Amino acid sequence: MIGTPSSDTVHVIGAGLAGSEAAWQAAEGGCRVVLHEMRPVRMTEAHRTDGLAELVCSNSFRSDDAANNAVGLLHAEMRRLGSLIMRAADANQVPAGGALAVDREGFSAAVTRALHEHPRIEIDRGEITGLPPADWNNVIVATGPLTSAPLAEAIRQLTDENALAFFDAIAPIVHRDTIDMSIAWFQSRYDKVGPGGTGADYINCPLTREQYDAFVDALLAGEKTEFKEWETSTPYFDGCLPIEVMAERGRETLRHGPMKPVGLTNPHDPTVKPYAIVQLRQDNKLGTLYNMVGFQTKLKYGPQQQIFRTIPGLEKAEFARLGGLHRNTFLNSPKLLDTQLRLRAEPRLRFAGQMTGCEGYVESASIGLIAGLYAAADARGTSLESPPATTALGALLGHITGGHIETIEQGSRSFQPMNVNFGLFPLLASPPTKKPDGSRLRGNEKTVAKRQAMSVRALSDLDRWISDHLRVPAAA
Ligand SMILES: Cc1cc2nc3c(=O)[nH]c(=O)nc-3n(C[C@H](O)[C@H](O)[C@H](O)COP(=O)(O)OP(=O)(O)OC[C@H]3O[C@@H](n4cnc5c(N)ncnc54)[C@H](O)[C@@H]3O)c2cc1C
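An account of the accompanying structure is given in this report. (Residues numbered from 1 in each chain as written. Predicted model: local features only at pLDDT ≥ 70, side-chain atom pairs only at ≥ 80, totals over all residues. Heavy atoms only, no water.)

1. Looking at the nonpolar core
This is how it is decided: Here the nonpolar core consists of buried residues drawn from Ala, Val, Leu, Ile, Met, Phe, Trp, Tyr and Cys, with membership extended through side-chain atoms lying within 4.5 Å. Only protein chains enter the area calculation, which uses a 1.4 Å probe; residues under 20% of their type maximum are buried, those over 50% are exposed, and those in between are partly exposed. A run of DSSP states H or I qualifies as a helix once it reaches four residues; a run of E qualifies as a strand once it reaches two. Both are numbered from the N-terminal end. We call two residues in contact when some of their heavy atoms are within 4.5 Å.
Ranked by size, the top nonpolar core spans 89 residues in total, and within it Phe-61, Phe-107 and Leu-115 carry the most contacts. Here this core gets 13 residues from one element, more than from any other, and that element is helix 10 (residues 361-379). Setting aside residues no more than four positions away along its own chain, Leu-115 makes contact with Ser-20, Ala-23, Trp-24, Leu-35, Leu-52, Leu-84, Ile-121 and Ile-123. Tyr-212, Met-292, Leu-314 and Phe-319 belong to the second largest nonpolar core, which has 32 residues in total.

2. Some thoughts on the sheet that holds strand 6 (residues 121-125)
Backbone-to-backbone hydrogen bonds join strands into a sheet, with any given pair of strands oriented parallel or antiparallel. To be explicit about the condition: Note on pairing: DSSP must find at least two bridges between two strands before they are called paired. Think of each axis as a best-fit line through the C-alpha atoms, taken over the contacting stretch in the case of a helix, with angles from 0 to 180 degrees between the N-to-C directions.
Strand order across the open sheet formed by six strands is 6-2-1-7-17-16, with mixed pairing between neighbours. Whereas interior strands pair on both sides, the edge strands pair on one side only; in this sheet they are strand 6 and strand 16 (342-343). Lying on the sheet, helix 1 (residues 17-28) is in contact with strand 1 (9-13), strand 2 (32-37), strand 6 and strand 7 (139-141); it crosses strand 2 at an angle near 170°. Across the sheet, helix 5 (residues 149-159) lies against strand 1, strand 7, strand 16 and strand 17 (346-351), angled at about 135° from strand 17, the strand it touches most.

3. A look at the sheet that holds strand 4 (residues 93-94)
Here we have three strands laid out as an open sheet, ordered 3-5-4, and antiparallel in their pairing. At either margin of the open sheet sits one strand with a lone partner, and together these are strand 3 (60-63) and strand 4. With two bridges connecting them, strand 4 and strand 5 (residues 99-102) associate as antiparallel partners. Residue pairing for strand 5: Gln-93 is matched across the bridge by Val-102.

4. Quick look at the side chain of Thr-147
Using the following cut-off: By the criterion applied in these results, polar contacts are pairs of N or O atoms within 3.5 Å in which, for protein atoms, one can donate a hydrogen and the other can accept it, and in which residues neighboring in sequence qualify only through two side-chain atoms.
Mapped onto the fold, Thr-147 is located in the loop between strand 7 and helix 5. Engagement of the side chain of Thr-147 in a polar contact is seen with the side chain of Thr-143, the distance being 2.9 Å. A distance of 2.6 Å separates the side chain of Thr-147 from the backbone oxygen of Gly-144, its partner in a polar contact.

5. Observations regarding the side chain of Ser-20
Mapped onto the elements of the fold, Ser-20 is located in helix 1. One polar contact links the side chain of Ser-20 to the main-chain carbonyl oxygen of Ala-15, over a distance of 3.3 Å. Sequence-distant contacts of Ser-20, that is, excluding residues within four places in its chain, are made with Gly-14, Ala-15, Leu-52, Ala-53, Leu-84, Ile-85, Val-111 and Leu-115.

6. Observations regarding the pattern of salt bridges
Any two side chains of opposite charge can pair, on the condition that their charged atoms come close. The line we're drawing: The salt bridge definition used is simple: a Lys or Arg side-chain nitrogen within 4 Å of an Asp or Glu carboxyl oxygen.
One pass over the structure, following the stated rule, counts 20 salt bridges. One salt bridge connects Arg-251 with Asp-213, and the closest N-O pair in it is separated by 3.6 Å. Here Asp-213 lies in helix 6 (residues 209-221) and Arg-251 lies in the loop between helix 7 (243-248) and strand 12 (276-282), a separation of 38 residues in the sequence. Of the residues examined, Asp-213 reaches a relative accessible area of 25% and is grouped as partly exposed. As a salt-bridge pair, Asp-338 and Arg-342 come within 2.9 Å of each other at their nearest N and O atoms. Put simply, Asp-338, Arg-342, Arg-350 and Asp-378 are held in one network by salt bridges that share partners.

Without other data, these values stay purely geometric and don't point to any function.
Below, the structure written as C-alpha coordinates:
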(Lines give C-alpha, C1' and ligand atoms only; values in the text may rest on other atoms or scores of the structure.)
Protein backbone atom coordinates (compact mmCIF):
# COMPACT_ATOMS: atom_id res chain seq x y z
CA MET A 1 0.00 0.00 0.00
CA ILE A 2 2.88 2.33 0.68
CA GLY A 3 3.66 4.40 -2.36
CA THR A 4 0.03 4.72 -3.52
CA PRO A 5 -0.53 8.37 -4.45
CA SER A 6 -3.45 10.25 -2.93
CA SER A 7 -4.93 13.67 -3.61
CA ASP A 8 -5.96 14.05 0.02
CA THR A 9 -3.75 16.35 2.06
CA VAL A 10 -2.81 15.45 5.62
CA HIS A 11 -2.16 18.49 7.83
CA VAL A 12 0.19 17.78 10.74
CA ILE A 13 0.34 20.46 13.43
CA GLY A 14 3.60 20.47 15.41
CA ALA A 15 6.94 19.16 14.13
CA GLY A 16 8.30 17.67 17.35
CA LEU A 17 8.98 14.00 17.94
CA ALA A 18 5.45 12.85 17.10
CA GLY A 19 4.59 15.31 14.31
CA SER A 20 7.85 14.73 12.44
CA GLU A 21 7.32 10.95 12.50
CA ALA A 22 3.63 11.28 11.59
CA ALA A 23 4.41 13.52 8.60
CA TRP A 24 7.08 11.09 7.40
CA GLN A 25 4.79 8.05 7.66
CA ALA A 26 1.84 9.77 5.96
CA ALA A 27 4.09 10.99 3.13
CA GLU A 28 5.68 7.56 2.73
CA GLY A 29 2.11 6.27 2.59
CA GLY A 30 1.54 8.32 -0.54
CA CYS A 31 -0.17 11.41 0.93
CA ARG A 32 0.63 15.03 0.37
CA VAL A 33 1.51 16.46 3.78
CA VAL A 34 1.64 20.00 5.12
CA LEU A 35 3.64 20.11 8.36
CA HIS A 36 2.87 23.21 10.45
CA GLU A 37 5.50 24.27 13.01
CA MET A 38 5.33 27.52 14.96
CA ARG A 39 9.05 27.74 15.82
CA PRO A 40 10.96 30.03 15.32
CA VAL A 41 8.04 32.45 14.75
CA ARG A 42 6.88 31.55 18.24
CA MET A 43 8.95 29.53 20.72
CA THR A 44 7.86 27.31 23.65
CA GLU A 45 9.21 27.62 27.21
CA ALA A 46 11.67 24.75 26.62
CA HIS A 47 12.65 24.66 22.93
CA ARG A 48 15.79 26.61 22.00
CA THR A 49 16.10 26.12 18.23
CA ASP A 50 14.08 26.10 15.01
CA GLY A 51 15.09 22.47 14.37
CA LEU A 52 12.39 19.85 13.89
CA ALA A 53 12.25 17.05 16.50
CA GLU A 54 14.27 19.10 18.99
CA LEU A 55 15.02 17.19 22.21
CA VAL A 56 14.17 19.61 25.02
CA CYS A 57 15.95 17.85 27.89
CA SER A 58 17.86 14.56 28.11
CA ASN A 59 19.56 13.27 24.96
CA SER A 60 18.63 9.66 25.78
CA PHE A 61 16.13 7.36 24.08
CA ARG A 62 16.66 5.05 27.10
CA SER A 63 17.39 1.31 26.89
CA ASP A 64 18.05 -0.19 23.46
CA ASP A 65 17.65 -3.74 24.76
CA ALA A 66 14.77 -5.20 22.71
CA ALA A 67 14.82 -8.55 24.53
CA ASN A 68 14.48 -7.31 28.12
CA ASN A 69 13.20 -3.75 28.10
CA ALA A 70 9.85 -2.43 26.83
CA VAL A 71 11.26 0.80 25.39
CA GLY A 72 14.07 -1.18 23.71
CA LEU A 73 11.35 -3.36 22.20
CA LEU A 74 9.51 -0.25 21.00
CA HIS A 75 12.75 0.91 19.31
CA ALA A 76 12.91 -2.43 17.46
CA GLU A 77 9.27 -2.25 16.39
CA MET A 78 9.67 1.31 15.12
CA ARG A 79 12.75 0.34 13.11
CA ARG A 80 10.69 -2.43 11.47
CA LEU A 81 8.07 0.18 10.56
CA GLY A 82 10.61 2.41 8.81
CA SER A 83 10.71 5.08 11.52
CA LEU A 84 12.47 8.32 10.58
CA ILE A 85 13.06 9.17 14.25
CA MET A 86 14.84 5.86 14.89
CA ARG A 87 16.85 6.14 11.67
CA ALA A 88 18.07 9.60 12.68
CA ALA A 89 18.78 8.43 16.26
CA ASP A 90 20.80 5.42 15.09
CA ALA A 91 22.82 7.63 12.76
CA ASN A 92 23.63 10.14 15.53
CA GLN A 93 24.21 8.02 18.62
CA VAL A 94 26.75 8.85 21.32
CA PRO A 95 28.13 6.38 23.92
CA ALA A 96 25.71 5.76 26.82
CA GLY A 97 26.13 2.28 28.33
CA GLY A 98 23.03 0.18 27.59
CA ALA A 99 21.05 3.19 26.45
CA LEU A 100 20.55 4.76 23.01
CA ALA A 101 21.63 8.40 23.41
CA VAL A 102 22.06 10.85 20.56
CA ASP A 103 23.90 14.00 19.61
CA ARG A 104 20.89 16.30 19.86
CA GLU A 105 21.93 18.74 17.13
CA GLY A 106 22.94 16.03 14.65
CA PHE A 107 19.70 14.16 15.37
CA SER A 108 17.43 17.17 14.87
CA ALA A 109 19.36 18.21 11.73
CA ALA A 110 18.92 14.73 10.23
CA VAL A 111 15.14 14.75 10.84
CA THR A 112 14.81 18.31 9.49
CA ARG A 113 16.77 17.46 6.35
CA ALA A 114 14.79 14.28 5.61
CA LEU A 115 11.46 16.09 5.95
CA HIS A 116 12.63 19.07 3.87
CA GLU A 117 13.82 16.78 1.11
CA HIS A 118 10.70 14.63 0.98
CA PRO A 119 8.88 15.43 -2.28
CA ARG A 120 5.40 15.12 -0.75
CA ILE A 121 6.06 17.23 2.39
CA GLU A 122 5.66 20.99 2.62
CA ILE A 123 6.82 22.69 5.83
CA ASP A 124 4.81 25.72 6.90
CA ARG A 125 6.35 27.82 9.69
CA GLY A 126 3.51 29.40 11.64
CA GLU A 127 1.40 28.99 14.75
CA ILE A 128 -2.05 27.44 14.46
CA THR A 129 -4.03 29.65 16.78
CA GLY A 130 -7.41 27.94 16.86
CA LEU A 131 -9.27 24.97 15.46
CA PRO A 132 -7.98 24.11 11.96
CA PRO A 133 -10.02 25.45 8.99
CA ALA A 134 -13.12 23.35 8.21
CA ASP A 135 -11.74 22.19 4.86
CA TRP A 136 -8.78 20.42 6.50
CA ASN A 137 -10.43 17.03 6.79
CA ASN A 138 -7.43 14.91 7.78
CA VAL A 139 -5.51 16.59 10.61
CA ILE A 140 -2.98 15.28 13.12
CA VAL A 141 -2.51 17.50 16.18
CA ALA A 142 0.93 16.80 17.68
CA THR A 143 1.68 20.03 19.49
CA GLY A 144 3.09 18.36 22.59
CA PRO A 145 3.27 19.17 26.28
CA LEU A 146 3.91 22.85 25.53
CA THR A 147 1.04 23.38 23.08
CA SER A 148 0.59 27.10 22.54
CA ALA A 149 -2.20 28.66 24.58
CA PRO A 150 -4.69 29.66 21.83
CA LEU A 151 -4.75 26.17 20.31
CA ALA A 152 -4.92 24.52 23.76
CA GLU A 153 -7.89 26.73 24.65
CA ALA A 154 -9.68 25.90 21.38
CA ILE A 155 -9.21 22.17 22.05
CA ARG A 156 -10.36 22.58 25.64
CA GLN A 157 -13.57 24.24 24.47
CA LEU A 158 -14.17 21.54 21.88
CA THR A 159 -13.65 18.68 24.32
CA ASP A 160 -15.17 20.40 27.32
CA GLU A 161 -12.35 18.91 29.41
CA ASN A 162 -9.93 20.95 31.45
CA ALA A 163 -6.39 20.39 30.19
CA LEU A 164 -4.41 18.90 33.03
CA ALA A 165 -1.01 20.43 33.71
CA PHE A 166 1.78 18.94 35.83
CA PHE A 167 5.47 19.53 36.30
CA ASP A 168 8.19 18.09 34.16
CA ALA A 169 11.81 18.88 34.86
CA ILE A 170 15.19 19.53 33.22
CA ALA A 171 18.47 18.15 34.61
CA PRO A 172 21.58 20.41 34.69
CA ILE A 173 24.34 20.06 32.05
CA VAL A 174 28.03 20.44 33.02
CA HIS A 175 31.08 21.30 30.90
CA ARG A 176 33.20 18.11 30.88
CA ASP A 177 36.53 19.91 31.30
CA THR A 178 35.38 21.43 34.60
CA ILE A 179 34.91 18.00 36.24
CA ASP A 180 37.81 16.93 38.50
CA MET A 181 38.79 13.49 37.19
CA SER A 182 41.26 12.95 40.03
CA ILE A 183 38.09 12.40 42.11
CA ALA A 184 35.52 11.25 39.52
CA TRP A 185 35.93 8.31 37.12
CA PHE A 186 34.47 6.85 33.92
CA GLN A 187 32.41 3.65 34.27
CA SER A 188 29.00 2.33 33.20
CA ARG A 189 27.02 0.51 35.87
CA TYR A 190 28.17 -3.14 35.86
CA ASP A 191 30.49 -2.12 32.95
CA LYS A 192 27.52 -2.63 30.61
CA VAL A 193 28.40 -2.03 26.95
CA GLY A 194 25.49 -0.57 24.98
CA PRO A 195 25.06 0.76 21.43
CA GLY A 196 28.03 2.95 20.55
CA GLY A 197 29.34 2.56 24.12
CA THR A 198 32.49 1.20 25.73
CA GLY A 199 31.31 0.09 29.17
CA ALA A 200 32.84 3.26 30.63
CA ASP A 201 30.42 5.89 29.41
CA TYR A 202 29.35 7.67 32.58
CA ILE A 203 31.33 9.99 34.83
CA ASN A 204 30.82 8.99 38.47
CA CYS A 205 31.24 11.22 41.52
CA PRO A 206 31.51 9.44 44.91
CA LEU A 207 30.06 10.72 48.21
CA THR A 208 30.83 9.59 51.75
CA ARG A 209 28.00 9.26 54.25
CA GLU A 210 28.81 12.70 55.75
CA GLN A 211 28.89 14.32 52.31
CA TYR A 212 25.59 12.65 51.35
CA ASP A 213 23.90 13.81 54.57
CA ALA A 214 25.12 17.37 54.07
CA PHE A 215 23.96 17.26 50.43
CA VAL A 216 20.45 16.10 51.40
CA ASP A 217 20.26 18.84 54.08
CA ALA A 218 21.27 21.46 51.51
CA LEU A 219 18.65 20.22 49.02
CA LEU A 220 15.94 20.44 51.66
CA ALA A 221 16.99 23.92 52.76
CA GLY A 222 17.75 25.34 49.29
CA GLU A 223 15.50 28.06 47.93
CA LYS A 224 13.02 26.70 45.36
CA THR A 225 11.28 28.37 42.44
CA GLU A 226 7.86 29.59 43.53
CA PHE A 227 4.89 27.91 41.90
CA LYS A 228 2.86 30.09 39.60
CA GLU A 229 -0.80 30.37 40.48
CA TRP A 230 -1.92 28.05 37.69
CA GLU A 231 0.63 25.45 38.72
CA THR A 232 -0.21 25.10 42.40
CA SER A 233 -2.84 22.38 42.13
CA THR A 234 -1.01 20.19 39.62
CA PRO A 235 0.61 16.92 40.74
CA TYR A 236 4.13 15.80 39.82
CA PHE A 237 4.56 12.94 37.38
CA ASP A 238 6.35 10.27 39.40
CA GLY A 239 8.86 9.37 36.67
CA CYS A 240 10.28 12.88 36.62
CA LEU A 241 10.36 13.98 40.27
CA PRO A 242 12.59 16.94 41.15
CA ILE A 243 15.58 15.79 43.20
CA GLU A 244 14.61 17.88 46.22
CA VAL A 245 11.11 16.35 46.20
CA MET A 246 12.73 12.89 46.26
CA ALA A 247 14.88 14.07 49.20
CA GLU A 248 11.74 15.24 51.00
CA ARG A 249 10.31 11.71 50.76
CA GLY A 250 13.06 10.30 53.02
CA ARG A 251 16.80 10.61 53.66
CA GLU A 252 17.57 7.35 51.86
CA THR A 253 15.32 7.89 48.82
CA LEU A 254 18.09 9.36 46.64
CA ARG A 255 20.49 6.52 47.54
CA HIS A 256 17.90 4.11 46.15
CA GLY A 257 17.21 6.30 43.12
CA PRO A 258 19.55 8.46 41.00
CA MET A 259 22.37 8.35 43.58
CA LYS A 260 22.46 4.58 44.10
CA PRO A 261 26.04 3.35 44.58
CA VAL A 262 25.67 -0.13 42.98
CA GLY A 263 27.61 -1.69 40.07
CA LEU A 264 30.48 0.82 40.32
CA THR A 265 34.01 0.71 41.81
CA ASN A 266 36.03 3.86 42.50
CA PRO A 267 39.47 3.26 40.89
CA HIS A 268 40.95 6.07 43.03
CA ASP A 269 40.01 4.17 46.19
CA PRO A 270 38.89 0.65 45.19
CA THR A 271 38.59 -0.77 48.70
CA VAL A 272 36.16 1.91 49.94
CA LYS A 273 32.57 1.66 48.74
CA PRO A 274 31.03 5.12 48.18
CA TYR A 275 27.87 5.76 50.23
CA ALA A 276 26.22 7.42 47.22
CA ILE A 277 27.18 8.23 43.62
CA VAL A 278 26.17 10.97 41.19
CA GLN A 279 26.32 9.91 37.51
CA LEU A 280 26.81 12.22 34.53
CA ARG A 281 26.08 11.08 30.97
CA GLN A 282 27.57 12.39 27.72
CA ASP A 283 25.24 14.94 26.17
CA ASN A 284 26.82 15.85 22.82
CA LYS A 285 28.87 14.10 20.12
CA LEU A 286 31.99 16.08 20.92
CA GLY A 287 31.91 14.80 24.49
CA THR A 288 32.26 18.30 25.91
CA LEU A 289 28.96 18.34 27.83
CA TYR A 290 27.64 15.92 30.45
CA ASN A 291 24.21 15.91 32.07
CA MET A 292 23.55 15.05 35.71
CA VAL A 293 21.38 11.95 35.41
CA GLY A 294 18.12 12.23 37.36
CA PHE A 295 18.94 15.68 38.78
CA GLN A 296 15.87 17.51 37.51
CA THR A 297 15.14 20.29 39.99
CA LYS A 298 13.09 23.33 40.88
CA LEU A 299 15.86 24.84 43.00
CA LYS A 300 16.68 28.44 42.08
CA TYR A 301 19.74 28.88 39.84
CA GLY A 302 22.03 30.32 42.57
CA PRO A 303 21.40 27.52 45.11
CA GLN A 304 21.64 24.92 42.31
CA GLN A 305 25.21 25.93 41.47
CA GLN A 306 26.17 26.21 45.13
CA ILE A 307 24.70 22.84 46.16
CA PHE A 308 25.82 20.84 43.10
CA ARG A 309 29.38 22.15 43.60
CA THR A 310 29.48 20.38 46.98
CA ILE A 311 29.47 17.06 45.06
CA PRO A 312 33.04 15.66 45.04
CA GLY A 313 34.50 16.16 41.55
CA LEU A 314 32.08 19.01 40.74
CA GLU A 315 33.64 21.62 43.06
CA LYS A 316 34.62 23.73 40.03
CA ALA A 317 31.81 22.63 37.70
CA GLU A 318 30.61 25.12 35.11
CA PHE A 319 27.02 24.59 33.99
CA ALA A 320 26.05 24.84 30.33
CA ARG A 321 22.41 24.65 31.44
CA LEU A 322 20.82 24.58 34.86
CA GLY A 323 17.78 22.54 35.83
CA GLY A 324 14.26 23.86 35.41
CA LEU A 325 10.54 23.09 35.46
CA HIS A 326 7.86 23.04 32.79
CA ARG A 327 4.20 22.32 32.46
CA ASN A 328 2.59 19.53 30.48
CA THR A 329 -0.66 19.34 28.50
CA PHE A 330 -2.51 16.14 27.71
CA LEU A 331 -6.00 14.90 26.93
CA ASN A 332 -8.16 12.52 28.90
CA SER A 333 -7.66 10.24 25.90
CA PRO A 334 -9.52 7.07 26.97
CA LYS A 335 -12.66 9.19 27.14
CA LEU A 336 -12.06 11.61 24.28
CA LEU A 337 -10.33 9.58 21.55
CA ASP A 338 -11.47 6.55 19.54
CA THR A 339 -9.20 3.56 18.86
CA GLN A 340 -7.81 5.34 15.79
CA LEU A 341 -6.76 8.33 17.94
CA ARG A 342 -9.53 10.52 16.47
CA LEU A 343 -11.40 12.98 18.63
CA ARG A 344 -14.87 11.51 19.09
CA ALA A 345 -16.35 15.03 19.07
CA GLU A 346 -14.66 15.89 15.75
CA PRO A 347 -13.15 12.86 13.98
CA ARG A 348 -11.25 14.88 11.34
CA LEU A 349 -8.87 15.74 14.22
CA ARG A 350 -6.49 12.98 15.21
CA PHE A 351 -4.05 13.38 18.10
CA ALA A 352 -0.48 12.13 18.50
CA GLY A 353 2.47 12.39 20.85
CA GLN A 354 2.57 13.44 24.46
CA MET A 355 -0.81 15.19 24.18
CA THR A 356 -2.43 11.76 24.02
CA GLY A 357 -1.06 10.76 27.41
CA CYS A 358 2.07 8.86 26.56
CA GLU A 359 5.34 9.98 28.14
CA GLY A 360 8.79 10.22 26.59
CA TYR A 361 10.51 10.96 23.29
CA VAL A 362 10.27 7.41 21.95
CA GLU A 363 6.68 6.86 23.02
CA SER A 364 5.63 10.22 21.55
CA ALA A 365 7.33 9.38 18.25
CA SER A 366 5.72 5.93 18.17
CA ILE A 367 2.23 7.37 18.58
CA GLY A 368 3.11 9.83 15.80
CA LEU A 369 4.12 6.86 13.67
CA ILE A 370 0.82 5.04 14.06
CA ALA A 371 -1.18 8.28 13.66
CA GLY A 372 0.62 8.88 10.35
CA LEU A 373 -0.26 5.36 9.17
CA TYR A 374 -3.90 5.77 10.24
CA ALA A 375 -4.14 9.14 8.47
CA ALA A 376 -2.67 7.70 5.27
CA ALA A 377 -5.22 4.87 5.37
CA ASP A 378 -8.06 7.40 5.83
CA ALA A 379 -6.77 9.39 2.86
CA ARG A 380 -6.98 6.25 0.74
CA GLY A 381 -10.53 5.69 1.91
CA THR A 382 -9.54 2.54 3.80
CA SER A 383 -9.04 1.79 7.47
CA LEU A 384 -5.94 0.36 9.13
CA GLU A 385 -6.46 -2.26 11.82
CA SER A 386 -4.65 -1.36 15.05
CA PRO A 387 -1.39 -3.21 15.83
CA PRO A 388 -1.85 -6.24 18.11
CA ALA A 389 -2.08 -5.46 21.83
CA THR A 390 0.80 -7.90 22.34
CA THR A 391 3.22 -5.47 20.64
CA ALA A 392 4.82 -2.53 22.47
CA LEU A 393 3.08 -0.12 20.10
CA GLY A 394 -0.28 -1.86 20.58
CA ALA A 395 0.18 -1.99 24.36
CA LEU A 396 0.91 1.73 24.52
CA LEU A 397 -2.07 2.50 22.26
CA GLY A 398 -4.19 0.37 24.58
CA HIS A 399 -3.16 2.53 27.54
CA ILE A 400 -4.11 5.67 25.65
CA THR A 401 -7.36 4.61 24.04
CA GLY A 402 -8.86 2.19 26.50
CA GLY A 403 -6.49 0.35 28.83
CA HIS A 404 -7.09 2.71 31.70
CA ILE A 405 -9.93 2.26 34.19
CA GLU A 406 -11.13 5.58 35.51
CA THR A 407 -11.22 5.81 39.30
CA ILE A 408 -14.26 7.24 41.00
CA GLU A 409 -12.58 9.53 43.52
CA GLN A 410 -13.25 13.23 43.31
CA GLY A 411 -10.42 15.52 42.26
CA SER A 412 -8.08 15.41 39.29
CA ARG A 413 -8.85 12.76 36.70
CA SER A 414 -7.06 9.46 37.11
CA PHE A 415 -5.65 8.97 33.59
CA GLN A 416 -1.98 9.91 33.68
CA PRO A 417 0.80 9.81 31.07
CA MET A 418 2.85 6.64 31.03
CA ASN A 419 6.07 5.32 29.58
CA VAL A 420 5.79 2.00 27.77
CA ASN A 421 6.33 -0.91 30.19
CA PHE A 422 5.65 -4.63 30.33
CA GLY A 423 2.78 -4.02 32.74
CA LEU A 424 0.76 -2.74 29.75
CA PHE A 425 1.13 -6.02 27.81
CA PRO A 426 -1.42 -8.87 27.90
CA LEU A 427 -0.30 -11.85 30.00
CA LEU A 428 1.36 -14.80 28.27
CA ALA A 429 -0.94 -17.78 27.70
CA SER A 430 1.70 -20.11 29.16
CA PRO A 431 4.51 -18.28 30.95
CA PRO A 432 7.91 -20.03 30.86
CA THR A 433 8.66 -22.20 33.90
CA LYS A 434 11.84 -23.97 32.81
CA LYS A 435 15.25 -23.08 31.41
CA PRO A 436 16.39 -24.50 28.06
CA ASP A 437 18.27 -27.24 30.00
CA GLY A 438 15.00 -28.35 31.69
CA SER A 439 15.80 -27.02 35.20
CA ARG A 440 13.19 -24.83 36.94
CA LEU A 441 13.33 -21.04 36.74
CA ARG A 442 13.66 -19.40 40.16
CA GLY A 443 12.97 -15.91 41.57
CA ASN A 444 13.98 -13.12 39.25
CA GLU A 445 14.79 -15.62 36.48
CA LYS A 446 11.04 -16.05 35.97
CA THR A 447 10.52 -12.30 35.45
CA VAL A 448 13.40 -12.13 32.99
CA ALA A 449 12.16 -15.18 31.07
CA LYS A 450 8.61 -13.78 30.99
CA ARG A 451 9.77 -10.45 29.56
CA GLN A 452 11.89 -12.18 26.98
CA ALA A 453 8.95 -14.36 25.92
CA MET A 454 6.73 -11.25 25.67
CA SER A 455 9.34 -9.59 23.46
CA VAL A 456 9.58 -12.60 21.14
CA ARG A 457 5.77 -12.70 20.92
CA ALA A 458 5.63 -8.94 20.22
CA LEU A 459 8.08 -8.99 17.33
CA SER A 460 6.51 -12.04 15.75
CA ASP A 461 2.99 -10.55 16.05
CA LEU A 462 4.21 -7.23 14.67
CA ASP A 463 5.81 -8.94 11.67
CA ARG A 464 2.53 -10.72 10.95
CA TRP A 465 0.58 -7.44 11.25
CA ILE A 466 3.03 -5.71 8.89
CA SER A 467 2.76 -8.43 6.27
CA ASP A 468 -1.06 -8.53 6.58
CA HIS A 469 -1.66 -4.76 6.55
CA LEU A 470 1.38 -2.84 5.29
CA ARG A 471 4.17 -3.04 2.84
CA VAL A 472 7.08 -1.14 4.38
CA PRO A 473 10.63 -0.56 3.24
CA ALA A 474 13.16 -3.15 4.46
CA ALA A 475 13.72 -3.08 8.23
CA ALA A 476 16.49 -0.75 9.41
C1 LIG B 1 10.65 20.38 29.81
C2 LIG B 1 10.42 19.00 29.33
C3 LIG B 1 11.43 18.06 29.45
C4 LIG B 1 11.25 16.76 28.98
N5 LIG B 1 12.25 15.87 29.08
C6 LIG B 1 12.13 14.65 28.55
C7 LIG B 1 13.23 13.75 28.57
O8 LIG B 1 14.29 14.07 29.10
N9 LIG B 1 13.08 12.54 28.02
C10 LIG B 1 11.92 12.17 27.44
O11 LIG B 1 11.86 11.05 26.92
N12 LIG B 1 10.85 13.00 27.41
C13 LIG B 1 10.93 14.23 27.96
N14 LIG B 1 9.87 15.09 27.96
C15 LIG B 1 8.55 14.59 27.56
C16 LIG B 1 8.19 14.44 26.08
O17 LIG B 1 8.42 13.16 25.69
C18 LIG B 1 8.82 15.37 25.13
O19 LIG B 1 8.34 16.64 25.43
C20 LIG B 1 8.51 15.04 23.64
O21 LIG B 1 9.22 15.97 22.89
C22 LIG B 1 7.05 15.05 23.29
O23 LIG B 1 6.89 14.89 21.90
P24 LIG B 1 5.72 15.62 21.11
O25 LIG B 1 5.98 15.43 19.67
O26 LIG B 1 4.43 15.21 21.67
O27 LIG B 1 5.91 17.17 21.47
P28 LIG B 1 7.12 18.15 21.07
O29 LIG B 1 8.33 17.36 20.77
O30 LIG B 1 7.17 19.18 22.12
O31 LIG B 1 6.62 18.79 19.72
C32 LIG B 1 5.53 19.67 19.66
C33 LIG B 1 5.80 20.70 18.59
O34 LIG B 1 4.61 21.46 18.36
C35 LIG B 1 4.95 22.82 18.22
N36 LIG B 1 3.73 23.60 18.51
C37 LIG B 1 3.13 23.79 19.72
N38 LIG B 1 2.00 24.50 19.59
C39 LIG B 1 1.87 24.78 18.26
C40 LIG B 1 0.91 25.49 17.48
N41 LIG B 1 -0.17 26.04 18.04
N42 LIG B 1 1.09 25.60 16.14
C43 LIG B 1 2.20 25.04 15.55
N44 LIG B 1 3.13 24.36 16.23
C45 LIG B 1 2.97 24.22 17.58
C46 LIG B 1 6.11 23.01 19.16
O47 LIG B 1 6.91 24.12 18.80
C48 LIG B 1 6.88 21.70 19.00
O49 LIG B 1 7.84 21.75 17.99
C50 LIG B 1 10.01 16.38 28.41
C51 LIG B 1 8.99 17.33 28.29
C52 LIG B 1 9.19 18.62 28.74
C53 LIG B 1 8.10 19.62 28.60
